[in-house]
Amino acid sequence: MPGLGWDAAAEQRFDVNLSILFTELPLLERPAAAAAAGFTAVELWWPWIDSPTPERSELDALRKAIEDAGVRLTGLNFYAGQLPGPDRGALSVPGEESERFRANVEVAAEFAGSLGCGALNALYGNRVDGVDPAEQDALALENLVLAARAADGIGAILLVEALNKPESPLYPLVSAPAAVGVVDKVNAATGLDNARFLMDLYHLSMNGEDLPAVIERYTAKTGHVQIADNPGRGAPGTGSLPLEDLLGRLRKAGYDGWVGLEYKPGDRPSAEAFDWLPR
């Protein structure tokens with residue numbers, strides 16, 4: 001909000017997540033709206049929630065919208081089921097969802113690669129009643145290895161994200177150590193060393209984690225950072241999370257990557273939800 005001070009934020013590279021901001025607009029109009037708001041980069045959840053393999057024409061139309069807007073795609077989620085919705089990923093869910101994830105891997109990687117996108121996020125998926133967690137974890141590792149190899153094929157990193165337990169009670173990766181543990185397993189299995197932690201400060205704060213300690217311990221394994229204030233998942237300044245301080249700590253710890261704005265605009269147009277940002 002005005003007067004937040006955010007001097008340090010001028011040194012940060014912010015991109016806007018078009019799956020949570022500018023959603024009042026049709027998908028193909030959002031990249032241009034982000035550019036008009038002053039952003040040079042965007043990120044996306046998988047936009048076709050019902051289809052891991054959309055028609056070529058749909059992929060081409062989104063690619064053109066991003067290129068025409070003159071923004072860079074910095075991050076893309078693999079197919080993750082109904083998101084927003086009840087799902088939190090597909091890769092550890094046996095049967096049809098796992099197959100849909102596998103069908104999506106090359107499609108998502110090819111699309112990301114065509115836009116020079118350097119990070120692909122693979123949401124782990126919820127625990128399933130009646131399925132042994134060990135079986136889900138074995139399937140997850142198998143699919144994450146496929147995803148890491150596809151990401152490596154376009155020179156990208158694979159991201160593994162921790163979510164928060166209050167909002168995602170069936171998601172097993174609800175702490176930084178849990179997500180980083182999976183990152184380490186994937187890197188050990190592939191030998192590629194391209195799996196990284198997606199550090200979402202909102203989710204970690206919802207879990208009650210010690211954020212300065214997480215930053216100190218895991219910045220070296222972090223490939224992307226996302227922010228929203230807490231409580232409320234709104235813009236910085238709408239809650240009580242010391243985001244300016246935390247981003248300063250990240251920079252001091254050596255993080256120089258993009259920071260994704262993954263917050264809700266509230267009851268105003270998304271274009272008005274950036275008044276906290278230094279110009």
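This text follows the structure it describes.
An account of the accompanying structure is given in this report.

About the cut-offs
- Residues numbered from 1 in each chain as written.
- Predicted model: local features only at pLDDT ≥ 70, side-chain atom pairs only at ≥ 80, totals over all residues.
- Heavy atoms only, no water.
- Pairing = 2+ DSSP bridges.
- Helix = DSSP H or I, 4+ residues; strand = E, 2+ residues; numbered from the N terminus.
- Axes fitted to C-alpha atoms, helices over the stretch in contact; angles between N-to-C directions.
- Contact = heavy atoms within 4.5 Å.
- Parallel < 35°, antiparallel > 145°, perpendicular 65-115°, else oblique.
- Buried < 20%, exposed > 50% of the residue type's maximum accessible area, 1.4 Å probe, protein only.
- Expected span 1.5 Å × (residues − 1).
- Polar contact = N/O pair within 3.5 Å; in protein donor to acceptor, adjacent residues only side chain to side chain.
- Right-handed = clockwise from strand over helix to strand, strands pointing away.

**Things to note about the sheet that holds strand 5 (residues 157–161)**
Across a sheet, strands are paired by hydrogen bonds formed along the backbone, either parallel or antiparallel in direction. The sheet built from eight strands closes into a barrel, its strands ordered 1-2-3-4-5-6-7-8 with parallel pairing. With strand direction ignored, the average angle separating the axes of adjacent strands in the sheet is 30°. Judged from the two bridges that link them, strand 1 (residues 13–17) and strand 2 (residues 41–44) form a sheet pairing that is parallel. For valine 16, the partnering residue across the bridge sits in strand 2 and is valine 42. Those strands touched by helix 4 (residues 133–153) are strand 4 (119–121) and strand 5, and its axis lies near 140° from that of strand 5.

**Re the packing of helix 3 (residues 96–114) against helix 4**
Across the interface, helix 3 lies against helix 4 with an axial gap of 9 Å and an inter-helix angle of 10°. In this view, helix 3 runs roughly parallel relative to helix 4, as classed from their interaxial angle. Between helix 3 and helix 4, the residues in contact are Ser98, Phe101, Arg102, Val105, Glu106 and Ala109 and Leu139, Glu142, Asn143, Leu146, Ala147 and Ala150, respectively.

**Observations concerning unusual backbone geometry**
Looking along the chain, the bond that leaves leucine 83 and enters proline 84 is cis, with omega of 5°. In this fold, proline 84 is placed in the loop between strand 3 (72–77) and helix 3. Following asparagine 230, the chain continues to proline 231 via a peptide bond in cis, the omega torsion being 0°. With respect to the helices and strands, proline 231 occurs in the loop between strand 7 (222–227) and helix 8 (243–252). Unusually for a residue other than glycine, arginine 233 sits at a positive phi of about 55°. By the element assignment, arginine 233 lies in the loop between strand 7 and helix 8. Residue classification places arginine 233 among the buried residues on the basis of a relative accessible area of 12%.

**As for the side chain of glutamate 97**
If you trace the backbone, glutamate 97 turns up in helix 3. Leaving out residues up to four positions away in the same chain, glutamate 97 has contacts with Tyr79, Gly81, Asp87 and Ala90.

**With respect to helix 4**
If you check helix 4, its first and last C-alpha atoms are 30 Å apart, about what 21 residues at 1.5 Å a residue would give, namely 30 Å. Considered for burial, the residues of helix 4 that qualify are Gln136, Leu139, Ala140, Asn143, Leu144, Val145, Ala147, Ala148, Ala150 and Ala151. On its buried face, helix 4 sits against helix 3, strand 4, strand 5 and helix 5 (176–190). By the N-cap criterion, in which a side-chain oxygen at the helix start approaches the backbone nitrogen of a residue two or three places on, helix 4 is capped by aspartate 132, the distance to alanine 134 being 2.9 Å. Downstream of helix 4 by one or two residues, glycine 155 has phi in the positive range, about 75°.

**Focus: the pairing of strand 8 (residues 258–261)**
With burial as the criterion, each face of strand 8 is covered, one bearing Trp258 and Gly260 and the other bearing Val259 and Leu261. In terms of strand pairing, strand 1 meets strand 8 through four bridges, oriented parallel. Among the inter-strand pairings, phenylalanine 14 is bridged to a residue of strand 8, identified as valine 259. Regarding topology, helix 8 serves as the crossover connection from strand 7 to the parallel strand 8, and that connection is right-handed.

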